[in-house]
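Here are the chains, one letter per residue:
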There are 2 protein chains.
Amino acid sequence: MTEPSDRTRLRRFPGKADYDAATIHAVIDAAPLAHIAYQMEGAPMVLSTLAWREGTRVFWHGSSASRALRAMAGQPICLSVTTLDGLVLARSAFEHSVQFRSVMVMGRAEEVTEGKAAHLEAMVERLFPGRWEQLRPMTAQEVKATKVMALDLSEASAKIATGGPEDPEEDRAWPVWAGVIPLSLQVGEPQPEADSPPDAPPPVLRWSLETD
Amino acid sequence: MTEPSDRTRLRRFPGKADYDAATIHAVIDAAPLAHIAYQMEGAPMVLSTLAWREGTRVFWHGSSASRALRAMAGQPICLSVTTLDGLVLARSAFEHSVQFRSVMVMGRAEEVTEGKAAHLEAMVERLFPGRWEQLRPMTAQEVKATKVMALDLSEASAKIATGGPEDPEEDRAWPVWAGVIPLSLQVGEPQPEADSPPDAPPPVLRWSLETD
Ligand SMILES: Cc1cc2nc3c(=O)[nH]c(=O)nc-3n(C[C@H](O)[C@H](O)[C@H](O)COP(=O)(O)OP(=O)(O)OC[C@H]3O[C@@H](n4cnc5c(N)ncnc54)[C@H](O)[C@@H]3O)c2cc1C
Ligand SMILES: Cc1cc2nc3c(=O)[nH]c(=O)nc-3n(C[C@H](O)[C@H](O)[C@H](O)COP(=O)(O)OP(=O)(O)OC[C@H]3O[C@@H](n4cnc5c(N)ncnc54)[C@H](O)[C@@H]3O)c2cc1C
Ligand code: HEM
Ligand code: HEM
């Protein structure tokens, strides 16, 4: 197991901690959405954004004119990726909980200036393998309008909560339903546009992205 | 429509903005998970936590000893609630997007000291209507071990993205599948503990919480 830094060492429920790169990568790959804390004019702010991993860095993108991306470039940030996997119903209110997988990464946000186009291609291919070469080619103007940001995964922690309720022995006979209600992100039936070509191959979604 | 503050006025895609309390409440009620940006020793941090609404305030809870809750009490924070509703596949990579509902709230986090027990009951009832009175009663010691936090919804914005790809006219004939892949949080079959009483009424989940 990799060693946590003083900042990333879990104090609450240290038994749920995992500092291994493989676990951290798997959680980031399992969900396309990240929340990033940054400072804007001295106050903390959250940015909700899509994020994807390439090797030991996580990336996100937006407008070259975005206030959020401008404010965080070169600055300390904290990025979180979270999945909510179930509701845990115990015999007491106090012991209720949820199942989850969660990663927190700390570091400085870096504005990517080299190879922006390749990272944008990686974003598309991460979500929709094989789609890039089917698309109307990207233009230099589109790349210019876009900012790509990166964060190194060297200072990160995972916290994973699985299993059912952990009522103490004296509560277990209480006559109430106890157990888990599973939750998961469901992928629905693709809905083509009216003018989407009927003979075009249907979209492929690599939802749960493999690690590389 | 309520007026945004200078901080909560959307600059990017202002057409997706909604500052109405009813919309803001509905987004918060639609998802149990929030991400809160706060400052810890001068650096921005994210807390992933369950959150629930009562009237014009949003609440969350944790350990009385939590470093995160201690650091944010009385301080400026930014809270975000987000649902990811679909992936939008366009003819160019540039026009790809997602459907979402998202709320951002800014203000000072307040540590709740009066009526903590009633707020914890409200949390349980918000998720599982009718469950509170079936549970082993909460003890004073459990309430003491728990911190309840609140944030006023007076400075908030919603950003809502619906609809399909918005390719410019000249791209629409490109021969690639275009449309939307819907995403939603799926509630699975409840899994009782081995010693959950077989005659206990099954759990009730008020997933998409009505506004009050
Ligand atoms: C879906 C979900 C729902 C949650 N709901 C609640 C809730 O309702 N109430 C509640 O108190 N907590 C909740 N948590 C846990 C919460 O995210 C914190 O872990 C917890 O509140 C302790 O915070 P702390 O700062 O006091 O922890 P500490 O243990 O002091 O944090 C120290 C370090 O541990 C690491 N760490 C802490 N939390 C996480 C995490 N979630 N993921 C990865 N690394 C982490 C970070 O590097 C952090 O700097 C939830 C988590 C998830 C994913
Ligand atoms: C599921 C999801 C995925 C997203 N993916 C991306 C992505 O990959 N790339 C990207 O650039 N953006 C993405 N966004 C949008 C992102 O959250 C920001 O709205 C956008 O990046 C503009 O940020 P900004 O600070 O420059 O906006 P500005 O318009 O300058 O923000 C001004 C104010 O508008 C309000 N506001 C801004 N964003 C939101 C929001 N999301 N919800 C509620 N109020 C808001 C806030 O009060 C903010 O202070 C995504 C949003 C969601 C919900
Ligand atoms: C799978 C591929 C992609 C997805 C799912 C995606 C998704 C998104 C989303 C959700 C936003 C935020 C919209 C909002 O604020 O409401 C966004 C913004 C943006 N994207 Fe992408 N994107 C993708 C690929 C690309 C590519 C390849 C480029 C550049 C060539 C690009 C350029 C931009 C720009 C410039 C913005 C900012 C728009 C603005 O704020 O004015 N995107 N994208
Ligand atoms: C539906 C009801 C509830 C749910 C779903 C719930 C869920 C959670 C979750 C997910 C955590 C974080 C666990 C972690 O860090 O991994 C937590 C922590 C905590 N909850 Fe709850 N909770 C509920 C009700 C209550 C009630 C009623 C109380 C008090 C009477 C309470 C007291 C606490 C305390 C003290 C902690 C901190 C534990 C620690 O860090 O040591 N919870 N809860």
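Residues numbered from 1 in each chain as written. Chains lettered and ligands numbered in written order. Predicted model: local features only at pLDDT ≥ 70, side-chain atom pairs only at ≥ 80, totals over all residues. Heavy atoms only, no water.

Chain A is annotated in an unreviewed UniProt entry as Pyridoxamine 5'-phosphate oxidase family protein of Stagnihabitans tardus.

*Asks:* Can you explain the overall build of chain A? Please cite residues and give values.
*Replies:* For chain A, the count of helices and strands is four helices and twelve strands. The dimensions of chain A, computed from C-alpha atoms along their principal axes, are 65 × 50 × 35 Å. Within the span of chain A, comprising 212 residues, buried residues form 51% of the whole. A sequence separation of at least 24 residues applies to 72% of the contacts in chain A between residues at least 6 apart. Here chain A displays about 9700 Å² of accessible surface, and carbon together with sulfur accounts for 53% of that area. (Helix = DSSP H or I, 4+ residues; strand = E, 2+ residues; numbered from the N terminus. Buried < 20%, exposed > 50% of the residue type's maximum accessible area, 1.4 Å probe, protein only. Contact = heavy atoms within 4.5 Å. Areas by Shrake-Rupley, 256 points an atom, 1.4 Å probe, with all protein chains shown as cover.)

*Asks:* Could you give me a rundown of the site of ligand 1, with the residues and numbers involved?
*Replies:* Residues in contact with ligand 1 amount to 26 residues; listed here are only the nearest, A:Arg7, A:Arg11, A:Lys159, B:Ser48 and B:His61. Residues close to ligand 1 are split across chains A and B. Within the contact set of ligand 1, an oxygen atom lies 3.1 Å away from a side-chain nitrogen or oxygen of B:Arg67. Within the backbone of B:Ala68, an N or O atom sits 3.5 Å from an oxygen atom of ligand 1. The protein chains hide 93% of the 880 Å² of surface that ligand 1 would expose on its own. Looking at the shell around ligand 1, the elements that each hand over two or more residues are β7 (97-108) and β10 (156-161) of chain A together with β3 (43-50), β5 (57-63) and α2 (67-72) of chain B. It is β7(A) that contributes the most residues to the shell around ligand 1, six residues altogether. A class-by-class count of the residues in the shell around ligand 1 yields eleven nonpolar, nine polar and six charged. (Near = heavy atom within 4 Å. Polar contact = N/O pair within 3.5 Å; in protein donor to acceptor, adjacent residues only side chain to side chain. Nonpolar A, V, L, I, M, F, W, Y, C, P; charged D, E, K, R; others polar.)

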